[in-house]
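# Notes for the structure review
Given next are the chains, with one letter for each unit.
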Amino acid sequence: MATYADLNTINNPTAGQPLPAAWGDQVRENCEFFIDPPACSVYNSTTQLVADSTDTALACDSEYFDNASWHTTGGSNTRLTVPISGRYMFTATIQWATNATGWRQLTWRVDGTTKYLCVQQAAVGSTHTVIQSGTKLLALAAGDYVEVIGWQTAFPSSAGTAWSTTIQVPPTMTKYRAQVRAADATSLTALQDSGWFS
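All values derive from a computational prediction rather than experimental measurement.

## Structural notes on the state of the cysteines
Defined simply, a disulfide is a covalent bond joining two cysteines at their sulfur atoms. Enumeration according to the criterion identifies zero disulfides in this entry. Counting only cysteine sulfurs, Cys-60 is the nearest neighbor of Cys-40, a cysteine outside any disulfide, at a range of 8.8 Å. On the accessibility criterion, Cys-60 (4% relative accessible area) is buried.

Here is the structure:
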């Protein structure tokens, strides 16, 4: 995965002075970063028991993709660990076992403490499953981790396959566009023609 960097940390352009090769290399890296930002999609291939009235971090033992080491299928497989500070969109889906009583809840939890309730729903009958999906935009620092929390009040119950998907909303696009525009109007035009900023 390409690594984003503020171009001014490499060279603060001065009028009339050529830019160093490292600056141009980083422009390319930044473009590649925006094309393929840090993201992953993970899921659990088996059911997981969720005890009555107990916040339970849902395990994900499998991955569709993970381009920035967000997740491990081993020991801490409930966690999605943020690789780079930024704003991220998280989406999760839980399918609950059929049960006619109680409530089902999907929550996001950051660093094991801060919770963001996404969806709470009553049971819908003994012949229907409850499927919940929730999305949350979070501003996070590198090293923060996020978990999907299942909670229910119809013991015993089990959560079915849980999916979690993350994608970064790049927080520095405006600064980057201004730097490209100031440095090379021809390159900016090429990017616009390719649909980059449309």
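The rest of the description comes next.
## Comments concerning the side chain of Gln-132
Within the element layout of this structure, Gln-132 appears in strand β9 (residues 131–140). Residue Gln-132 is classed as buried on the basis of its relative accessible area of 1%. Separated by 2.9 Å, the side chains of Gln-132 and Trp-96 make a polar contact.

## Describing the pairing of strand β7 (residues 103–110)
With respect to burial, β7 is a largely interior element, seven of its eight residues being buried. Once β7 ends, the chain turns through three residues before running back antiparallel as strand β8 (residues 114–122), passing Asp-111 with a positive phi of about 55°. In terms of strand pairing, β7 meets strand β10 (residues 145–152) through seven bridges, oriented antiparallel. Bridging from a neighbouring strand, Leu-106 pairs with Gly-150 of β10.

## Structural notes on the environment of Thr-54
For Thr-54, the location among the structural elements is in the loop between β2 (48–49) and β3 (56–57). For the pair Thr-54 and Ile-149, spaced 95 residues apart in the sequence, the C-alpha separation amounts to 9.4 Å. Discounting chain neighbours no more than four positions away, the residues touching Thr-54 are Gly-150 and Trp-151. At 2.9 Å, the side chain of Thr-54 and the backbone oxygen of Asp-52 are in polar contact.

## Considerations on the nonpolar core
Counting 23 residues, the largest nonpolar core has Trp-70, Phe-90, Leu-106, Trp-108, Leu-140, Val-146 and Val-148 as the members making the most contacts within it. When contributions to this core are tallied by element, the ones reaching two or more residues are β1 (39–43), β6 (86–96), β7, β9 and β10. It is β6 that provides the largest number of residues to this core, a total of five residues.

## Section: the packing of aromatic side chains
What characterises a pair of aromatic rings is the spacing of the ring centres plus the angle enclosed by the ring planes. Enumeration according to the criterion identifies five aromatic pairs in this entry. Residues Tyr-88 and Phe-90 carry aromatic rings whose centres are separated by 6.4 Å and whose planes lie at 50° to one another, so their mutual orientation is tilted. Relative accessible area serves as the criterion here: at 0%, Phe-90 is assigned to the buried category. Following the ring pairs from residue to residue traces out a cluster consisting of Trp-70, Tyr-88, Phe-90 and Trp-108. Lying over the aromatic face of Tyr-145, Arg-79 brings its terminal NZ or CZ to 3.8 Å of the ring centre.

## Let's talk about the confidence of the model for the protein chain
On average, residues of the protein chain carry a pLDDT of 76, and 77% of them reach 70 or more. Per-residue pLDDT, averaged within each element of the protein chain, yields its smallest value for helix α2 (residues 173–183) (33) and its largest for strand β5 (residues 80–81) (94). Below a pLDDT of 50 lies the segment residues 160–198, which in the model reaches 89 contacts outside its immediate sequence neighbourhood of four places, other chains included.

## What to know about the pattern of salt bridges
Counted by the stated rule, this structure contains three salt bridges. With its nearest N and O atoms 2.6 Å apart, the salt bridge here joins Asp-55 to Lys-115. Of this pair, Asp-55 sits in the loop between β2 and β3 while Lys-115 sits in strand β8, and the two are 60 residues apart along the sequence. What makes Lys-115 partly exposed here is its relative accessible area of 43%. As a salt-bridge pair, Arg-109 and Glu-147 come within 3.0 Å of each other at their nearest N and O atoms. With Arg-109 in strand β7 and Glu-147 in strand β10, the pair connects residues that are 38 residues apart, well separated along the chain. Summarising the burial analysis for this pair, Arg-109 and Glu-147 share the class buried.

## Re the environment of Ala-100
If you trace the backbone, Ala-100 turns up in the loop between β6 and β7. Along the backbone, Ala-100 and Val-124 are 24 residues apart, and their C-alpha atoms lie at a distance of 6.2 Å. Beyond its immediate stretch of four places on either side in the chain, Ala-100 contacts Ala-123, Gly-125 and Ser-126.

Procedures and definitions
Residues numbered from 1 in each chain as written. Predicted model: local features only at pLDDT ≥ 70, side-chain atom pairs only at ≥ 80, totals over all residues. Heavy atoms only, no water. Disulfide = S-S within 2.5 Å. Buried < 20%, exposed > 50% of the residue type's maximum accessible area, 1.4 Å probe, protein only. Helix = DSSP H or I, 4+ residues; strand = E, 2+ residues; numbered from the N terminus. Polar contact = N/O pair within 3.5 Å; in protein donor to acceptor, adjacent residues only side chain to side chain. Pairing = 2+ DSSP bridges. Contact = heavy atoms within 4.5 Å. Core = buried A, V, L, I, M, F, W, Y, C linked by side-chain atoms within 4.5 Å. Phe/Tyr/Trp six-rings, centres within 6.5 Å; stacked < 30°, edge-to-face > 60°. Lys NZ or Arg CZ within 6 Å of the ring centre and 35° of its normal. pLDDT = per-residue confidence, 0-100. Salt bridge = Lys/Arg side-chain N within 4 Å of Asp/Glu carboxyl O.

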